[in-house]
Amino acid sequence: MITGSVVVIINNLLSGNSFTSRKTLNPTKAKEANMSPIIQGRIWRFADNIDTDLIIPGKYLRTTDMSVFASHAMEGIDPEFSKKVTKNDIIVAGKNFGCGSSREQAPLALKHAGVGCVVAESFARIFFRNSINVGLPIIEAVVDCKHSDVASVDVEKGTVTCRGKTYQGVKLPGFLLTILLDGGLIQHRRKQKQ
Amino acid sequence: MPTVSEKILSRAAGEKASADDFIEAGVDFAMAHDGTSVLAVKALREMNVSKVFDPEKIIIPFDHLAPANNETAANLQHDIRSWIEEQGIVNYYDVGEGVCHQVLPERGFALPGKLIIGADSHTCTYGAFGAFATGVGATDMAEIFATGRIWLRVPKTIKVVINGKLPAGTSAKDLALMVVGRIGSDGATYQAIEYYGEAIEHLNMDGRMTLCNMAIEMGAKNSVITPDKKTFEFIKKCAVENYTAVYADQNADYTVEYNMDVSDLEPLVACPHQVDNVCPVSEVVGTPVDQVFIGTCTNGRLEDIEAAAKITKNNKFCVRTIVIPASRQILLDAMEKGYIQALVRAGAMIAPPGCGPCLGAHLGVIGDGEVCLSTANRNFKGRMGKGGLIYLASPETAAASAIKGEIADPREVRLESC
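Residues numbered from 1 in each chain as written. Chains lettered and ligands numbered in written order. Predicted model: local features only at pLDDT ≥ 70, side-chain atom pairs only at ≥ 80, totals over all residues. Heavy atoms only, no water.

Description of the overall build of chain B
Part 1 of the argument: Regarding its fold elements, chain B presents 14 helices and 18 strands.
Part 2 of the argument: By the compact-globule yardstick of 22 Å for 418 residues, chain B fits well, its C-alpha radius of gyration being 20 Å.
Part 3 of the argument: Projected onto the principal axes, the alpha-carbon positions of chain B cover approximately 60 × 55 × 40 Å.
Part 4 of the argument: Counting the 418 residues in chain B, one finds 66% classified as buried.
Part 5 of the argument: Here the analysis covers contacts within chain B between residues at least 6 apart in sequence; of these, 77% occur between residues at least 24 apart. (Helix = DSSP H or I, 4+ residues; strand = E, 2+ residues; numbered from the N terminus. Rg over C-alpha atoms; globule rule 2.2 N^0.38 Å. Buried < 20%, exposed > 50% of the residue type's maximum accessible area, 1.4 Å probe, protein only. Contact = heavy atoms within 4.5 Å.)

As for the UniProt feature "binding site: [4Fe-4S] cluster" (unreviewed entry) in chain B
All names here are of chain B.
Part 1 of the argument: Mapped onto this numbering, the UniProt entry annotates "binding site: [4Fe-4S] cluster" (unreviewed entry) at Cys-297, Cys-355 and Cys-358. Separation in sequence by 62 residues is not matched in space for these annotated residues, since their most distant C-alpha atoms are only 9.5 Å apart.
Part 2 of the argument: Among the secondary structure elements, Cys-297 is positioned in helix H10 (residues 296–299).
Part 3 of the argument: If we ignore the near neighbours within four places in the chain, the residues touching Cys-297 are Val-99, His-101, His-122, Asn-213 and Asn-377. (UniProt positions renumbered as here; feature names shortened; annotations may be inferred.)

Quick look at the nonpolar core
Part 1 of the argument: Ile-91, Phe-97, Leu-110 and Val-119 of chain A together with Met-141 of chain B are the most contacted members of the largest nonpolar core, which has 106 residues in total.
Part 2 of the argument: Once you skip the residues sitting within four places of it in the chain, Val-119 of chain A turns out to touch Ile-90, Ile-91, Val-92, Ala-93, Ile-139, Ala-141, Val-143, Val-153 and Val-160 of chain A.
Part 3 of the argument: Met-205, Cys-212, Ala-215 and Phe-380 of chain B belong to the second largest nonpolar core, which has 67 residues in total. (Core = buried A, V, L, I, M, F, W, Y, C linked by side-chain atoms within 4.5 Å.)

So, the interface of chain B and chain A
Part 1 of the argument: Between chain B and chain A, the contact holds 51 residues from the first and 48 residues from the second.
Part 2 of the argument: Between chain B and chain A, the buried area comes to about 4500 Å², and carbon and sulfur atoms account for 57% of it.
Part 3 of the argument: Together, Phe-22, Trp-151 and Tyr-190 of chain B form the three largest contributors to the area buried by chain B at its contact with chain A, with a combined 18%.
Part 4 of the argument: In this structure, the connection of chain B to chain A is made through 3 salt bridges.
Part 5 of the argument: Note that Arg-383 of chain B and Asp-53 of chain A form a salt bridge whose closest N and O atoms lie 2.9 Å from each other. (Buried area = accessible area lost by both parts, 1.4 Å probe. Salt bridge = Lys/Arg side-chain N within 4 Å of Asp/Glu carboxyl O.)

Notes on the UniProt feature "site: Critical for substrate specificity" (unreviewed entry) in chain A
Part 1 of the argument: Here, the residues flagged by UniProt with the feature "site: Critical for substrate specificity" (unreviewed entry) are Arg-62 of chain A.
Part 2 of the argument: In this structure, Arg-62 of chain A sits in the loop between helix H2 (52–55) and helix H3 (66–71).
Part 3 of the argument: The class of Arg-62 of chain A is buried, set by a relative accessible area of 13%.
Part 4 of the argument: Not counting residues up to four positions away in its chain, the partners in contact with Arg-62 of chain A are Gln-105 of chain A together with Gly-35, His-64, Leu-65, Thr-72, Leu-76 and Leu-359 of chain B.

Examining the packing of aromatic side chains
Part 1 of the argument: Applying the stated rule across the entire model yields 14 aromatic pairs over all chains.
Part 2 of the argument: When the centroid spacing of 5.8 Å and the interplanar angle of 80 degrees are considered together, the rings of Phe-175 of chain A and Phe-22 of chain B count as edge-to-face. With Phe-175 of chain A in helix H7 (residues 174–181) and Phe-22 of chain B in strand E1 (residues 22–26), this residue pair bridges two chains.
Part 3 of the argument: The ring of Tyr-190 of chain B is capped by Arg-153 of chain B, whose NZ or CZ atom sits 5.3 Å from the centre of that ring.
Part 4 of the argument: Here the basic side chain of Lys-159 of chain B rests over the ring of Tyr-196 of chain B, its NZ or CZ set 5.4 Å away from the ring centre. (Phe/Tyr/Trp six-rings, centres within 6.5 Å; stacked < 30°, edge-to-face > 60°. Lys NZ or Arg CZ within 6 Å of the ring centre and 35° of its normal.)

Things to note about the pattern of salt bridges
Part 1 of the argument: Scanning the entire structure with this criterion turns up 29 salt bridges over all chains.
Part 2 of the argument: When the shortest N-O distance is used, the salt bridge between Glu-306 of chain B and Lys-310 of chain B registers 2.6 Å. Note that Glu-306 of chain B and Lys-310 of chain B are positioned in helix H11 (residues 302–312) at a spacing of 4 residues, about one turn of the helix.
Part 3 of the argument: Residue Glu-306 of chain B is classed as partly exposed on the basis of its relative accessible area, which comes to 24%.
Part 4 of the argument: In this structure, Arg-320 of chain B engages Glu-370 of chain B in a salt bridge whose closest nitrogen and oxygen atoms are separated by 2.7 Å. Within this pair, whereas Arg-320 of chain B is found in strand E15 (residues 320–323), its partner Glu-370 of chain B is found in the loop between strand E16 (348–350) and strand E17 (371–374), the two being separated by 50 residues in sequence.
Part 5 of the argument: Judged by relative accessible area, Arg-320 of chain B falls into the partly exposed class, the value being 33%.
Part 6 of the argument: A network of salt bridges, in which partner residues are shared, links Asp-53 and Arg-103 of chain A together with Arg-383 of chain B.

Describing the sheet that holds strand E5 (residues 150–154) of chain A
All names here are of chain A.
Part 1 of the argument: Across the sheet, which stays open at both edges, the 7 strands sit in the order E4-E3-E2-E1-E5-E6-E7 with mixed pairing between neighbours. Looking at strand neighbours, the two that pair on one side only are strand E4 (138–140) and strand E7 (165–168), the edges of this open sheet. In this sheet, adjacent strand axes meet at a mean angle of 30 degrees when their direction is disregarded.
Part 2 of the argument: By the bridge criterion, 4 bridges tie E5 to strand E6 (residues 159–162) in an arrangement that is antiparallel. Note on E6: the bridge partner recorded for Ala-151 is Cys-162. (Pairing = 2+ DSSP bridges. Axes fitted to C-alpha atoms, helices over the stretch in contact; angles between N-to-C directions.)

A short note on a negative patch on the surface
Part 1 of the argument: Negative charge collects at one region of the surface, where Glu-198, Glu-201, Asp-261 and Asp-264 of chain B lie side by side.
Part 2 of the argument: Tracing the backbone shows Glu-201 of chain B in helix H7 (residues 198–202). (Patch = residues over 30% accessible without salt bridge, like charges linked within 9 Å, V, L, I, M, F, W, Y side chains within 5 Å. Areas by Shrake-Rupley, 256 points an atom, 1.4 Å probe, with all protein chains shown as cover. Lys, Arg positive; Asp, Glu negative; His and termini not counted. Charge placed at Lys NZ, Arg CZ, Asp CG, Glu CD.)

See the structure below:
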């Protein structure tokens, strides 16, 4: 898992590196970010091993229309999810969330359906990368909460607060946090070019 | 001491890279297919990048919807073809050439020691050649198209030693399902796997690709089989550039070592809806089947088509059976050897080389409550059609089941059509 000490290693490792996304490691940058680091919303509980075919079936992938992805989000588990979800709702799931395909439409579907953040005990690695890249906040944490509870997530601190208790999850490394708070890799790159 | 993955990533990063380090590495080959290239090119355009870093390092096979199944897909493919031409990407393989994970090895891109990143989760297949190969999503691929570089966290490595010889009636797929069943669907998350042992040495390159293909089904970042005579024999005919074979140091650091033996292995089946939901075929023999599918990047290779044809003999299939060779070359080879003719006579339909119905978009989607016995790598709920049930097995078990119309044990000597 990514730890705080690793963040320091990353900063050291990558200092002076040509990879442009690394030039904005200063956490104060977050203040200029496109996205708020605090997300407050209603919880949707899901189990372990929520795969990408459940998040969005393969037959809906061939379009660039985000509203199509959004309208089929989580269809494999709850066909009504996209109608019932409200802006900034938070998914809290078990292990291995997003396992399966490399389809970026999975985090895009959740994001455009209104999901504000996904909290899971662990993520499949491609889903993890894709979420950062499309600007969908994710936190690796074990949280004791129920469906429809209201929770608050602090993406910068990596914490989830629910039922009066705050859970410390895994903090994102600095460079990933910057990409995320810029709204994803595309916006991050655009910002660098300005 | 370093593992294979640590060594390859150190070379690609130009600095010593150990497990858990974050590195920025130069990519040797980057692959996207007709599915993922759509969002990758969209992202690249939105990043205002007009030229790719190196058109010769990018490989684009069209395989997921091959040929296009509707106007939307056709228009998206048309746009990507124009972009490919505009960028001067020469390693472009249009519909009908085959599944990306067969095309890249056949065309000599899957080479020992290379860092290969693909916008497809089964990119881990090329570990069969001793490459570090892993999958990413479309926006990561856009970043690679733009810069030729990627950030990676160096994985820890799991060592898996598999001894014994595969018994008659079993093949690489049974071995792969055994490993997935043992390690579990998230048992290797974020980690690399290195395979060793007598059973691995005995596998041909087709079988090694089957095994490495399924590393992602355990959450692994990549898996590696270090190159040997069989590897060099395969690539000497097709390698597109020089390479250096990479081996782990003695006493390399592994997080855990699994020891398995295949001497008594039975044919295995992964039952719905998880790939690690594995049981011996004997536990599900007799389960009625509506459709059998032999193909995909897991089991659409010549060895697989041959195994299916040999099991079939002169029997007839009594359920609809779809056979999709993983590439045009395999289709040609299988025709030359008479395998395709035998399968068609038995009642199989042959579909164009590509992914076919595996991802549930065309060419054999199943209906509510229908059962498909497939040689693919995923049996997730709804993958081949909402309400369908997918069982995963070897080509041998698939052919036997097509003959019986129910899940059958390929070791049964008297297979008679239902």
